Amino acid sequence: MKDAPSITLKRWIGERCGRAVADDTPLLEEELITSFDLVELILIIEELRGNPIDLLHLAPGSFASVAQILKTFFAEHTHV
Amino acid sequence: MCEGLTWTPAGLATLSGPLALLHERLDALFRRVAARFAAEEHHIPPLIDAASLARIDWFGSFPHLASFVTALDPEPENIAAFCRQRSLIEGAVLPTRTVPVRHILLPAACYALYAAHQGRQLDRTLFLTTRGLCHRRETHYEPLRRQWSFGMREIVCLGEAEDMARFITAADETLLALAASLGLEARLQPASDPFFGEAQGKRLMQQIDPVKYELVVGDLAIASVNRHRTLFGRAFDITCKTRPASSACLAFGLERWIAVILDRFGADPAHWPALEALS
């Protein structure tokens, strides 16, 4: 069985930044993801949710935390 | 063309008379803003070493803006060969063998300040200011509004993360108050830097996490407030109380302020605002 998106995202980000990440950890304020990570993170989100993200309309704050990523890109999921 | 402005299509402006004085008066105004933060004045060179800019991957983000500085290989025969050419070809000199490019013309004044503080261990937040002659290659130029060579006054806050929010708030308020006192219709809006095509991650990062706001009059950005977090602190090994130093800066484009003053008040110096009455 596949992990829920929240678990996959927290594990991937945690491996990148070298520390544990919670749902509400401020990813940008604490500089846990870089511009290099961002492109890869978007690809992972697209794979997890099964459809592409509209990059032209990415809203400020949409990557503020894992919780916000889930709210922005997985709103249709009931189990995250 | 405005009296007192001599312009070349290469994007180079020479100011004289009242326009040159206005340039100095604006800088004096921005130095008074810097004095509110007790910012320490710095005199900086117009060049910066490429290695410093490589630390922040500047060449990955803005290679198209770079103005490279080089020189002839000093070997006498190489210089003699250059001299024998004697004439320009379509307005260009053709260097013979050159030395490796280790410097570029400074593209933003504050870079020189981070480089000058490389390796420093700060025990408190510093406020710094400088005026730089900056250079950016562009696809087109316009007098006072988009120049290859232009003046930039910057105020930098470098140190504890907790001090950056206060500085940015003060900088935002200062910009809006300055614009209002000059009767300029201005707004602060998120900026979009002209990242080179392959720097997609940086462009997306700026989109989701706006760390740069510009003061815009009409369609012209005349100042910006930039939050760098620890980008420069980490790149230049600057710490504050053992943590990587955070930084933020407030930048004024001097010629662009002249442009909006001319637009708003006209070319007659008698109608220009009394900048000395502003603090």
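Residues numbered from 1 in each chain as written. Chains lettered and ligands numbered in written order. Predicted model: local features only at pLDDT ≥ 70, side-chain atom pairs only at ≥ 80, totals over all residues.

(A) Up close: the domain arrangement of chain B. Residue and element names in this part refer to chain B. According to the domain assignment, chain B contains domain 1 (5-67 + 107-277) and domain 2 (68-105). For domain 1 versus domain 2, the separation of C-alpha centres amounts to 32 Å. Each partner contributes to the interface: domain 1 provides nine residues, whereas domain 2 provides seven residues. Mapped onto the side of domain 1 that touches domain 2, the elements with two or more residues apiece are β4 (47-49) and α2 (50-54). The dominant element in the side of domain 1 that touches domain 2, judged by the number of residues it contributes, is β4, at three residues. (Domains from an automatic or database assignment. Contact = placed C-beta atoms within 7 Å. Helix = DSSP H or I, 4+ residues; strand = E, 2+ residues; numbered from the N terminus.)

(B) Inspection of the interface of chain B and chain A at higher detail. Counting residues at the interface gives 11 residues for chain B and 11 residues for chain A. At seven residues, the largest contribution of residues to the side of chain B that touches chain A is made by helix α7 (residues 200-208) of chain B. Residue classes in the side of chain B that touches chain A are distributed as four nonpolar, four polar and three charged. (Nonpolar A, V, L, I, M, F, W, Y, C, P; charged D, E, K, R; others polar.)

(C) Representation of the packing of helix α1 (residues 5-17) of chain A against helix α3 (residues 66-73) of chain A. Residues and elements named next belong to chain A. Relative orientation of the contacting elements α1 and α3 amounts to 135°, with a least axis distance of 10 Å. What the angle tells us is that α1 and α3 run oblique. Once α1 is placed against α3, the crossing between them reads as right-handed. Counting all contacts with α1, which are made through Pro5, Ser6, Leu9 and Lys10, the residues of α3 involved are Val66, Ile69 and Leu70. Within the contact of α1 with α3, the residues separate by chemical class into five nonpolar, one polar and one charged. (Axes fitted to C-alpha atoms, helices over the stretch in contact; angles between N-to-C directions. Parallel < 35°, antiparallel > 145°, perpendicular 65-115°, else oblique. Left-handed = near helix turned anticlockwise from the far one by under 90°.)

(D) Broad picture of the sheet that holds strand β5 (residues 68-69) of chain B. All names here are of chain B. Ordered in space as β4-β6-β5, the three strands form an open sheet in which the pairing is antiparallel. The two strands at the open ends of the sheet, each matched to only one other strand, are β4 and β5. As paired elements, β5 and strand β6 (residues 103-105) share two bridges and run antiparallel to each other. What sits directly across from Phe68, in β6, is Ile104. (Pairing = 2+ DSSP bridges.)

(E) Local environment of the nonpolar core. In terms of nonpolar packing, the biggest core is built from 66 residues, with Cys110 and Ile258 of chain B touching the most fellow members. Ranked by the residues each element gives to this core, the list is headed by helix α1 (residues 17-36) of chain B, at seven residues. Those residues in contact with Ile258 of chain B that sit more than four places away from it in its chain are Leu19, Leu22, His23, Leu26 and Leu144 of chain B. Grouped together as the second largest cluster of nonpolar side chains are 16 residues, Val21, Ile33, Leu41 and Val66 of chain A included. (Core = buried A, V, L, I, M, F, W, Y, C linked by C-beta atoms within 7 Å. Buried ≥ 20, exposed ≤ 12 C-beta atoms within 10 Å, placed from the backbone.)

(F) Structural detail: the packing of α1 of chain B against helix α9 (residues 254-265) of chain B. Residues and elements named next belong to chain B. In contact at an axis separation of 10 Å, α1 and α9 are set at 115° when each is read in the N-to-C sense. One element, α1, and the other, α9, form an angle in the roughly perpendicular class. Handedness of the α1/α9 crossing: right-handed. On α9, the residues touching Leu19, Leu22, His23, Leu26 and Asp27 of α1 are Leu254, Trp257, Ile258 and Ile261.

(G) Spatial organisation of the environment of Ser62 of chain A. Along the chain, the position of Ser62 of chain A falls in the loop between α2 (35-49) and α3. For Ser62 of chain A, a count of 16 C-beta atoms within 10 Å gives the class partly exposed. The spacing of Ser62 of chain A and Phe73 of chain A is 11 residues in sequence and 8.6 Å in space, taken between C-alpha atoms. Sequence-distant contacts of Ser62 of chain A, that is, excluding residues within four places in its chain, are made with Gln68 and Thr72 of chain A together with Ile208 of chain B.

(H) Up close: unusual backbone geometry. Phi is positive for Glu31 of chain A, which is not a glycine, with a value near 55°. Among the structural elements, Glu31 of chain A can be located in the loop between α1 and α2. Judged by local crowding, Glu31 of chain A falls into the partly exposed class, with 15 C-beta atoms found within 10 Å. For Lys241 of chain B, which is not a glycine, the phi torsion comes out positive at approximately 55°. The exposed category is assigned to Lys241 of chain B, around which 12 C-beta atoms lie within 10 Å.

(I) Geometry of α7 of chain B. Among the residues of α7 of chain B, those classed as buried are Gly201, Lys202 and Met205 of chain B. Down the axis of α7 of chain B, the buried side of the element spans an arc of 95°, and every buried residue falls inside it. The elements touched by buried residues of α7 of chain B are α2 of chain A together with α3 (58-61) of chain B. (Arc of directions from axis to C-beta.)

(J) The arrangement of the sheet that holds strand β3 (residues 40-42) of chain B in detail. Residue and element names in this part refer to chain B. Spatial strand order, β3-β8-β9-β15-β12-β11-β10: seven strands in an open sheet with mixed pairing. This sheet does not close on itself; its edge strands, each paired only once, are β3 and β10 (186-190). Taking each pair of neighbouring strands and ignoring which way they run, the sheet shows an average axis angle of 20°. Bridging between β3 and strand β8 (residues 126-135) involves three bridges; their strand directions are parallel.

(K) Main features of the environment of Gln85 of chain B. Residues and elements named next belong to chain B. Following the sequence through the fold, Gln85 ends up in helix α4 (residues 76-85). Assessed through the 12 C-beta atoms surrounding it within 10 Å, Gln85 is described here as exposed. Taking the C-alpha atoms as reference points, Gln85 and Ala245, separated by 160 residues in sequence, lie 51 Å from one another.

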